[in-house]
Amino acid sequence: MNERVIPWQPTVIAGPKQALLVTPETAKMMMKKAKRPLLVIGPLAKEEPLLTHSIEIAEKWDLPVVTTADTFKIFSERNVETKSYGTVEILNLLKDPEWKGVRGEGQHDLVIFIGGIYYMASQGLSTLKHFAPHLKTLTLCKYFHSNADASFPNMNDEEWSKYLEKMKLN
Amino acid sequence: MAPKPKELKADFWKTKDFKISIGDIVSEEGIESTDESSVVMGPTQKPNVTDLRSWDMKLLERYPPFYSPFCDMCCLCTYGKCDLLNKRGACGIDAETQQARTILLACCIGSAAHSGHARHLVEYLIDKKGEDFPIDLGMDIDIEAPIMRTLIGKKPKVLGDLKEALDYLEEQMVHLLSACHTGQEGNSKDFESKALHAGLMDNLGKEVGDIAQIVALDLPKGDPEAPLVELGVGTIDREKPVILCIGHNVAPGAGIMDYLEDQDLEDDLEVCGICCAAIDITRYNHNAKIVGPISKQLKFIRSGVADVIVVDEQCIRTDVLEEAKKNNAAVIATTDKMCLGLPDKTNEDADKIVSELINKQIDGALILDPDKVGEVATKVAMRTSGERSKVQVLPDMDEVVELAKKCTECEWCDRVCPNSLPMMDAVVSTAEGDISKMEELYNNDVCYSCGRCEQECPRDIPIISMMAKIGETDLENQKYNVRAGRGPVQDVEVRRVGAPIVLGDIPGVIAFVGCTNYPDGGEEVAKMAEEFLERNYIVVTTGCGAMTLGEYRDEEGNTLYERYSGSFDAKGLVNMGSCVSNAHIPGVAIKIANIFAKKPLEGNFEEIADYILNRVGACGVAWGAYSQKAAAIATGVNRWGIPVVVGPQASKYRRLFLGRTDKEDSWRINDLRKHTEIAGEPAPEHLLYAAETIGEATVMTAKLCIRPNDTSKGRQLKLNHYIDLHKKYFGTLPNDIYKFVRVEKDIPITYKRDVMQILEENNWEPRELPQEPSLMDMKGD
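Residues numbered from 1 in each chain as written. Chains lettered and ligands numbered in written order. Predicted model: local features only at pLDDT ≥ 70, side-chain atom pairs only at ≥ 80, totals over all residues.

## Considerations on the overall build of chain A
When its secondary structure is counted, chain A shows six helices and seven strands. For chain A, the α and β elements follow one another from N to C terminus as β-α-β-α-β-α-β-α-β-α-β-β-α. At 15 Å, chain A has a C-alpha radius of gyration in line with the 15 Å of a compact globule built from 170 residues. Along the first, second and third principal axes, the C-alpha set of chain A runs to 40 × 35 × 30 Å. (Helix = DSSP H or I, 4+ residues; strand = E, 2+ residues; numbered from the N terminus. Rg over C-alpha atoms; globule rule 2.2 N^0.38 Å.)

Given below as structure tokens:
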């Protein structure tokens, strides 16, 4: 089996359904197609280079941003507008089809994740896989997340950086 | 060991107008606690599985279960495996219900572990002391068993009385476990109600176990000045024969200490422990030492320091025998929970067992008699120690570097690390002669040494052994202390702080409990405790959590236990004891309801839990919870109305209880004083919450101490800490602050202008302060 699509933590495999392996091009197509996408940024993005990558991707695609844990602080210091929720709080809202979303315009149809702690993100993606059929999930981390609908593969830092750079282009 | 005469603590005599009459204990305001003759039994004596279901449904309505399936499948019966992703299984179960079923199973396992432990203790101690041995916790504790009184409706007077509680909970546990069978319960909330019941039985079992060992083994009886005991790998004298006890049951360790005392050998051997057995042995005899929490286990066994390893029950590595064989240590198993395939030598002559162990005729021995364990362990350690000291058990530093050079940088050690730690980087650096990264993993148990990296390594690099060796280069700095577990909180302490806690003047009681499956080591947990201690919270702790707090020193070299008193008071750091001592945490909340608010306990669970949920600002923190016991502990205290914050690994438990602040109706409360329902507030906002970082956990913990009953003065204090901490970790005032301001007087003066601005932005209007907030007698009840 291609090691790029074995979940980074291999025991995360939960069942027959696995995420679709995506390239930046496919990921961008998903974002273009989405009506109400949301970017959820986790605490690993408090450090560079992921901090700048995340900000630039959000700006490029005009994505509403939720920061989880205490990630809000550094984004606030960089004058990036984000809404702060605990990971489990935002997941709890996302699984409710009646929730109006962070902009009050309706529930999101695509949720893009980056910078979450792998094992917790995996659990959260499992929540949405099971209980949020109304939305799709996409992960831009450098690890394959089998519980997402679509995920980047396992990569080294150099390749990942190239993937993220491509996410900033049309 | 003969019981000591009662010690009359100074606090007792300071209590004003305290009168004693035969039969009742009368306080200034009225009857606090009664003998059976005058007890008015509440509606739920010995509640069955469904008797508290209506209370559970109130909690679950406000805090609906949030599920994160660990697995899409069910593989419990031969219809399966069934894939439950957006489908039902062959039995008809859906994913949500299956998660709840798994949670119930976990809570049953955890509860059974504690209660089985309690049953062992009670039977053993009755055998030793007799059924009529009095349950006497001293003059300062009259409400000896608040959980048992509430659930069983009786005050236990002698050891034999505890059996009634065990009989009751064992029956309940059979029914709960049976509900996990295929084709039983089919509703997730009803599964959760049963899980809450399993958690409650866990609380009861722990209370029985700890009370039995406190009274019969003369452990500290709520003593705030219990002595400091030694903690840390560096405190173990390696020149002496060493006996290591791992697990939770004090009996074998007590047997060893008794034998040493009888033979006048106390100065000749080291007796130390890992996990809660260590805590309880040091409560029994302060000469024993604590190696550390569960995360030390594999590293310390590998170090070869222990000549004899005595295992009892719970949280012991199941490969302990194989690991011990590698360095010629003898293993003695001591309970029916863990026999390890060893021959039963319980009825064998002690010297013959010693001979068989020393001559390697047997791999180890199962000895179900704690006194015999004491004799055998001591004799084996004394006779093998000299020879074993010549065995090199860890690689030397040159070998460590050579072993590291075998690494091919395949990354699989990183990938299988449950905590996603940079194991490979540490190995690669070591190969280059730089051990600092390995030291970082060793220090504060950032790596809790599960050993999965080694299992996966294609080059068989013994990463944990290398780390253990590197850790040995700095033993001098691995010397700490911890206050010996004091057991329950005294009634006089509850009288002193009951009002400040309920009114909010003491901003909260925070319990640091659970295991050491920390995302980034123990130091950040200790610093979190320090943060709350400095802010006048009461900090209580137990088990591995208590050890973690002891393993941190400030710049002056003092541990938290040296810096803060052991009193249950503002700025007090209260080590209650081991896992089973966790019972005293809901126990003290119950005592507040009983002693301060005069709520009768007997058969009155719902009223007590309702009081705690709405008025006692307590919050648990289990930052490294890993076990089924931890699941049961948290679920049990949740049922009493105490919220818990857990770490990111706990998302693998599959279920949290989360409130929704945007669902305003879910926060309505009944003001019992006025008999009217009014708009409430999200206090506490969640019942079981998983945080991703320690900063998030710290802020959430402060928030979860807010209660509807707070006076404006108390609310000001609580909001002041919430805002302070939010500013520290998030850089701003919390944008939900308006939800917790009922009237302008609630606003902390320091932040008045900023808070007023947030109130205006959110069209805030003042609302009524409830006088007796409650979820009881609501419409639709």
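## Considering the interface of chain B and chain A
Taken together, the contacts link 33 residues of chain B with 34 residues of chain A. Those elements that place two or more of their residues in the side of chain B that touches chain A are strand E4 (65-67), helix H14 (412-416), strand E23 (688-690), helix H26 (694-703) and helix H27 (712-730) of chain B. (Contact = placed C-beta atoms within 7 Å.)

## As for the sheet that holds strand E24 (residues 773-774) of chain B
Sheet strands associate in pairs through backbone hydrogen bonding, adopting either a parallel or an antiparallel arrangement. Residues and elements named next belong to chain B. If you trace the three strands from one edge of the open sheet to the other, you get E22-E21-E24, paired in antiparallel fashion. Two strands in the sheet have a free side with no partner beyond their single neighbour: strand E22 (676-678) and E24. Sheet topology places strand E21 (residues 669-671) next to E22; three bridges connect them, and they run antiparallel. Bridge pairing in E22 places Asn670 opposite Glu677. (Pairing = 2+ DSSP bridges.)

## Quick look at the domain arrangement of chain B
All names here are of chain B. The assigned domain composition of chain B is domain 1 (34-217), domain 2 (233-388), domain 3 (397-461) and domain 4 (480-774). A separation of 31 Å is found between the C-alpha centroids of domain 1 and domain 2. Listed as interface residues are eight residues of domain 1 and, on the opposing side, 11 residues of domain 2. Secondary-structure elements contributing two or more residues to the side of domain 1 that touches domain 2 are helix H3 (95-129) and helix H6 (188-217). With six residues, the single largest contributor to the side of domain 1 that touches domain 2 is H3. For the side of domain 1 that touches domain 2, the class distribution of residues is four nonpolar, four polar and no charged. (Domains from an automatic or database assignment. Nonpolar A, V, L, I, M, F, W, Y, C, P; charged D, E, K, R; others polar.)

## Section: helix H18 (residues 463-472) of chain B
All names here are of chain B. Burial analysis of H18 places nine of its 10 residues in the buried class, which makes it a mostly covered element. Looking at H18, one finds that the buried residues are Ile463, Ile464, Ser465, Met466, Met467, Ala468, Lys469, Ile470 and Gly471. Check the buried side of H18 and you find it contacts helix H9 (297-303), helix H13 (397-404), H14, helix H15 (423-431), helix H16 (436-442) and helix H17 (452-456). (Buried ≥ 20, exposed ≤ 12 C-beta atoms within 10 Å, placed from the backbone.)

## A word on the pairing of strand E8 (residues 242-246) of chain B
All names here are of chain B. Taking burial as the measure, the five residues of E8 include five buried ones, the bulk of the element. Of the two faces of E8, both are covered, the one formed by Val242, Leu244 and Ile246 as well as the one formed by Ile243 and Cys245. As judged from the five bridges shared by E8 and strand E9 (residues 270-274), these two strands associate in the parallel manner. Paired with Cys245 across the two strands is Gly273, which belongs to E9. Between E8 and its parallel partner E9, the chain crosses via helix H7 (residues 250-262), and the hand of that crossover is right-handed. In this sheet, strand E11 (residues 308-311) lies alongside E8 in parallel orientation, the contact comprising four bridges. Bridge assignment links Ile243 to a residue of E11, and that residue is Val308. (Right-handed = clockwise from strand over helix to strand, strands pointing away.)

## Thoughts on helix H23 (residues 584-596) of chain B
All names here are of chain B. Helix length check: H23 (13 residues) gives 17 Å between terminal C-alpha atoms against 18 Å at 1.5 Å per residue, within 8%. The element H23 is extensively covered by neighbouring structure, given that 13 of its 13 residues are classed as buried. Two residues or fewer after H23 comes Lys598, characterised by a positive phi angle close to 60 degrees. (Expected span 1.5 Å × (residues − 1).)

## Looking at the packing of helix H19 (residues 491-503) of chain B against H23(B)
Residue and element names in this part refer to chain B. Viewed as axis vectors pointing N to C, H19 and H23 meet at an angle of 85 degrees, and their least axial separation amounts to 9 Å. As judged from the angle between their axes, H19 and H23 are roughly perpendicular. Contacts between H19 and H23 involve Asp491, Val494, Arg495, Gly498, Ala499, Ile501 and Val502 from the former and Val588, Lys591, Ile592, Ile595 and Phe596 from the latter. Along the lines of polarity and charge, the residues of the contact of H19 with H23 split into eight nonpolar, one polar and three charged. (Axes fitted to C-alpha atoms, helices over the stretch in contact; angles between N-to-C directions. Parallel < 35°, antiparallel > 145°, perpendicular 65-115°, else oblique.)

## Here's the deal with the sheet that holds strand E4 (residues 83-84) of chain A
All names here are of chain A. Read from one edge of the open sheet, seven strands run E1-E7-E6-E5-E2-E3-E4, paired in parallel fashion. Single-partner strands in this sheet number two, and they are strand E1 (20-21) and E4. Bridge count for strand E2 (residues 37-41) against strand E3 (residues 65-67) is three bridges, and the pairing is parallel. Considered in E3, the bridge of Ile41 is made with Thr67.

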